[in-house]
2 protein chains.
Amino acid sequence: MNHTAIARSWVEHANGHRDFPLQNLPLGIFSRPGQAPRSGVAIGDAILDLEAVLAAGLFNGAAKAAVEAMQGGALNAFFALGRPARVALRERLLGLLAEGSEHQGALQAALYPASDCTLHLPAKVGDYTDFYVGIQHATNVGKLFRPDNPLLPNYKYVPIGYHGRASTLRPSGTDVRRPKGQTLPAGQTEPSFGPCARLDYELELGIWIGQGNPMGQAIPIGEADEHLAGLCLLNDWSARDIQAWEYQPLGPFLSKSFITTLSPWVVTAEALEPFRCAQPARPEGDPQPLPYLLDARDQANGAFDIELEVLLRTARMREQNLPAHRLALSNTLNMYWTVAQLIAHHSVNGCALQPGDLFGSGTLSGPTPGSYGSLLEISEGGKHPVLLPSGEQRKFLEDGDEVILRARCVREGVASIGFGECRGTVVAAN
Amino acid sequence: MNHTAIARSWVEHANGHRDFPLQNLPLGIFSRPGQAPRSGVAIGDAILDLEAVLAAGLFNGAAKAAVEAMQGGALNAFFALGRPARVALRERLLGLLAEGSEHQGALQAALYPASDCTLHLPAKVGDYTDFYVGIQHATNVGKLFRPDNPLLPNYKYVPIGYHGRASTLRPSGTDVRRPKGQTLPAGQTEPSFGPCARLDYELELGIWIGQGNPMGQAIPIGEADEHLAGLCLLNDWSARDIQAWEYQPLGPFLSKSFITTLSPWVVTAEALEPFRCAQPARPEGDPQPLPYLLDARDQANGAFDIELEVLLRTARMREQNLPAHRLALSNTLNMYWTVAQLIAHHSVNGCALQPGDLFGSGTLSGPTPGSYGSLLEISEGGKHPVLLPSGEQRKFLEDGDEVILRARCVREGVASIGFGECRGTVVAAN
């Protein structure tokens, strides 16, 4: 798949680019001012307009069919074509964008500075499911309620997840309006209504589903990986005070549904192939996965080694020209279950997955405070504020705070790739 | 709105029809063999093809725009037009289908026996939310876990709900494949995997959202009713054993997402107008709703008086030519919150509702066993089986069992209307 570190593009700023070198080629939906959204691929600091390349006659066969399926401003129909379409398009783009390409002149006209473009959600999400497979996060949150027994008995058997809200998924850069809702103030027996006072972020991996399954037909674990289209970053903004009051007995609802932010580029399963690795061994004493979740190939190569980062920049830090402050550095290896296990579990009851469905991983905290993926964990439930370079403190997010998620894959001998950013700034409640 | 009992249709079988007299005019999507799904209205035992009536030039103005918005096999764009479009279409259909209509000849050609047609889901559901506002059900289920304190502290303040799965919503008549999943057998500490052994139905009202709201802008309680398009029946099939093991801490997931069945006709807010009534008084000692949920007009006229019925017919009952056996007779007055309160609550955090979103009410049990809306309640958690006319017993559903939900509005001086049926037959696990 041409992941060698030496492969270079004639798009000079792509070579050595933090996120989008030639080896990445993430897919998305963008628009230029006054124009309709269309499909593109990120290359360095630019976006290649795939429909313009199609119109120029530079795609044939499966690659052509792939780009034709992207028309209409959403990748769902392309996702439905599965891996062969992604591979054909990738191979063709690697050729077109590599140094020495004979089509450089024609392509140049279809290449726009990313800074001139608006990025949209890459697909129309039918259903969004949020999992809870960051075992360190589950442990940290569980400890706030049950210090001696943080994980519930089902945690190591069931990839815990719940249905999320699809209508408020938004691309990076969308403002985050502080939600209002019911909360039960400490020491009170009757709830109050007002703006959330414990607004938080959650660092998550987003998982795009490619081909679906018919209702009633489970996806076997050995085939589940074929249903992964690609990955992104996901910020599962959370209103902790609303959540604490509303979530029994049916789970989080309005505490999450006000907005969920995604990084807009789909980093494909193929681009991620060099960053696959073995699922970390379960600690001594943990149960083996049930057979429907167990596959030797998945255990050997089904995990991802992706560095994850959370940064915060307050309004005062912007005024003082201070850079964003890193709150956490974590890794997708903190997932207790693989993506294939999530897909197999989600469909085992016959639930139909559809192209363009989205999963969140759950918060991917690591084992130490410098790797915690939410302020709830960093501040231990609001007890210990974080100190910022501006001299400010934070237990939870304040209006004007911008949260930035980043991800990056690094491995010796192959080119590093990144996910781009997943940003959002908190604005005051209405 | 012409609800008088004496209004008659030239479609003779519509007059006095249990469900679909002239006064109802529910909207839906149907198809004839080999043809694409299109919009229609139920009249007696027939379906009037609205697109054929449109093609015949019999709609003008707002009614024409309404039917044009229904093209493409889904009512979403029509729902987005809100109440004025529904009212205009209803007024025109009342004229076209009333006795003495001058267009009877032209319309006859657009009228098909319902038995020759297939009914589909009326809209493409973006998000499906399931509430839990049947207070008798919440009490009955709570008692199984907490006999002395069945309702959690938030119940009378928060209209409890959670996100459901949209991809497995299906129209009446779709078979219900028994799901497989993880369960924790009594007395065990490790889960098993296999077909659900405690399969159940839930009697719910389905609520179709008309016009939506932009993300970040709550719908005030005084305007919430304007966002209701219409109602249907909803069977929230539930795998009780899977649910018990999976639902902590994030709520039900695979125990519900295998299928949810809907009655296919949208009984419009206008057809239901005569069956509005005051929200039943809260019992002495219950708190008042918080201000964002309280509106005098809603309290005075925001509830619905709709009779609900559950019937069961087993395979043996079909062999013995026994009719379906009534398991429960209940009423929508068992809702602790009005539809307007659900809409105001769902959007109060800024969550965007969209045309064609669907709410479930939660199971609408009444206070006595003859009105319980699930087998879990009737059998008290599987302890006391129901005796059936065939001599069989049921604690939970067995393969071959057919569950039928019905609803009917009855009030002196106006024509009764019904919802049609919401049926499903359990088939063996794969």
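Since this is a predicted model, take the numbers as computed values, not measurements.

About the criteria used
- Residues numbered from 1 in each chain as written.
- Chains lettered and ligands numbered in written order.
- Predicted model: local features only at pLDDT ≥ 70, side-chain atom pairs only at ≥ 80, totals over all residues.
- Heavy atoms only, no water.
- Pairing = 2+ DSSP bridges.
- Helix = DSSP H or I, 4+ residues; strand = E, 2+ residues; numbered from the N terminus.
- Axes fitted to C-alpha atoms, helices over the stretch in contact; angles between N-to-C directions.
- Parallel < 35°, antiparallel > 145°, perpendicular 65-115°, else oblique.
- Contact = heavy atoms within 4.5 Å.
- Nonpolar A, V, L, I, M, F, W, Y, C, P; charged D, E, K, R; others polar.
- Core = buried A, V, L, I, M, F, W, Y, C linked by side-chain atoms within 4.5 Å.
- Buried < 20%, exposed > 50% of the residue type's maximum accessible area, 1.4 Å probe, protein only.
- Phe/Tyr/Trp six-rings, centres within 6.5 Å; stacked < 30°, edge-to-face > 60°.
- 1 Å grid on protein atoms, 1.4 Å probe; cavity = no way out; pocket = protein on both sides within 12 Å on 5 of 7 lines; lining within 4 Å.
- Points joined across faces, edges and corners; volume = space filled by probe spheres on them.
- Domains from an automatic or database assignment.
- Buried area = accessible area lost by both parts, 1.4 Å probe.
- Salt bridge = Lys/Arg side-chain N within 4 Å of Asp/Glu carboxyl O.

Peer 1: Describe the sheet that holds strand β26 (residues 417–427) of chain A, with residues and values.
Peer 2: All names here are of chain A. The 5 strands lie next to each other as β9-β26-β25-β20-β21, forming an open sheet whose pairing is mixed. The open sheet terminates on both sides in strands that have one partner only, identified here as β9 (176–177) and β21 (325–331). Looking at chain direction, strand β25 (residues 402–409) and β26 are connected through 7 bridges and run antiparallel. Residue pairing for β26: R406 is matched across the bridge by E421.

Peer 1: Which residues make up the packing of helix α2 (residues 61–69) of chain A against helix α4 (residues 83–97) of chain A, and what values go with them?
Peer 2: All names here are of chain A. It is at 8 Å that the axes of α2 and α4 come closest, and there the two elements cross at 105°. The orientation of α2 with respect to α4, classified from their angle, is roughly perpendicular. Of α4, the residues touching α2 (which contributes A62, A63, A66 and V67) are A85, A88, L89 and R92. Classifying every residue of the contact of α2 with α4 gives 7 nonpolar, no polar and 1 charged.

Peer 1: I'd love a proper account of the nonpolar core, names of residues and values included.
Peer 2: Within the largest apolar cluster, 79 residues are counted, with the highest numbers of intra-cluster contacts made by I306 and F419 of chain B. Not counting residues within four places of it along the chain, the set of residues in contact with I306 of chain B comprises L205, L231, L272, S330, N331, T332, A407, R408, C409 and F419 of chain B. Ranked by size, the runner-up nonpolar core spans 78 residues in total, among them F258, L308 and M335 of chain A together with L254 of chain B.

Peer 1: Tell me about the packing of aromatic side chains, residues and numbers included.
Peer 2: For the coordinates displayed, the defined rule picks out 22 aromatic pairs over all chains. Judged by centre distance (5.2 Å) and plane angle (65°), the ring pair of F131 of chain A and F359 of chain A falls under edge-to-face. Taken together, the residues F131 of chain A in strand β6 (residues 128–131) and F359 of chain A in strand β22 (residues 358–360) connect sequence positions 228 residues apart. Taking relative accessible area as the criterion, F131 of chain A reaches 1% and is therefore assigned buried. Take F359 of chain A: its relative accessible area is 0%, and that puts it in the buried class. Relative to W245 of chain B, the ring of Y157 of chain A has its centre 5.9 Å away and its plane inclined at 55°; by these criteria the two rings are tilted. Residue Y157 of chain A is located in the loop between α6 (135–145) and β7 (161–163), and its partner W245 of chain B is located in helix α8 (residues 240–246); the two belong to separate chains. Y157 of chain A gets classed as buried once you look at its relative accessible area, which sits at 11%.

Peer 1: Pulling in residues and values, what's your account of the sheet that holds strand β1 (residues 27–31) of chain A?
Peer 2: All names here are of chain A. One open sheet holds the 5 strands; their spatial order is β4-β3-β2-β1-β5, and the pairing between them is antiparallel. In the strand order of this sheet, the two ends are held by β4 (111–113) and β5 (118–120), each with one partner. Taking the axes of each pair of neighbouring strands and ignoring which way they run, one obtains an average angle of 45° across the sheet. Sheet analysis places β1 next to β5, joined by 3 bridges and oriented antiparallel. Across the sheet, residue S31 finds its bridge partner in β5, namely T118.

Peer 1: Which residues make up empty space enclosed by the protein, and what values do they have?
Peer 2: All names here are of chain B. Counted according to the given criterion, the structure contains 10 cavities of 30 Å³ or more. Of the volumes computed, that of the largest cavity is approximately 70 Å³. Lining the largest cavity, in full, are N24, L25, L27, F78, R86, L89, R90, L93, T268 and E270. No other element matches the 4 residues that helix α4 (residues 83–97) contributes to the lining of the largest cavity.

Peer 1: I'd like a description of the domain arrangement of chain A, backed by residues and values.
Peer 2: Residues and elements named next belong to chain A. Taken domain by domain, chain A holds domain 1 (12–120) and domain 2 (128–427). Using only C-alpha atoms to locate each centre, domain 1 and domain 2 end up separated by 28 Å. The partner domain 2 presents 29 residues to the 25 residues of domain 1 that form the contact. Between domain 1 and domain 2 the total buried area reaches about 2,300 Å² when both faces are included, carbon and sulfur atoms providing 57% of it.

Peer 1: Can you lay out the interface of chain A and chain B for me, pointing to particular residues and giving the numbers?
Peer 2: Contact residues are listed per partner, giving 56 residues for chain A and 56 residues for chain B. Counting the surface lost from both chain A and chain B, the interface buries some 5,400 Å², and carbon and sulfur atoms represent 63% of this. When the buried surface of chain A facing chain B is broken down by residue, H163, L250 and F253 of chain A rank first, second and third, together holding 16% of it. Linking chain A with chain B are 4 salt bridges. Between D127 of chain B and R165 of chain A there is a salt bridge, and its shortest N-O distance comes to 3.4 Å. Of all the secondary structure elements, the ones that give two or more residues to the side of chain A that touches chain B are β6, β7, β10 (180–183), α8 (240–246) and α11 (339–347) of chain A. With 3 residues, β7 of chain A is the single largest residue contributor to the side of chain A that touches chain B. Looking at the side of chain A that touches chain B residue by residue, the classes come out as 29 nonpolar, 20 polar and 7 charged.

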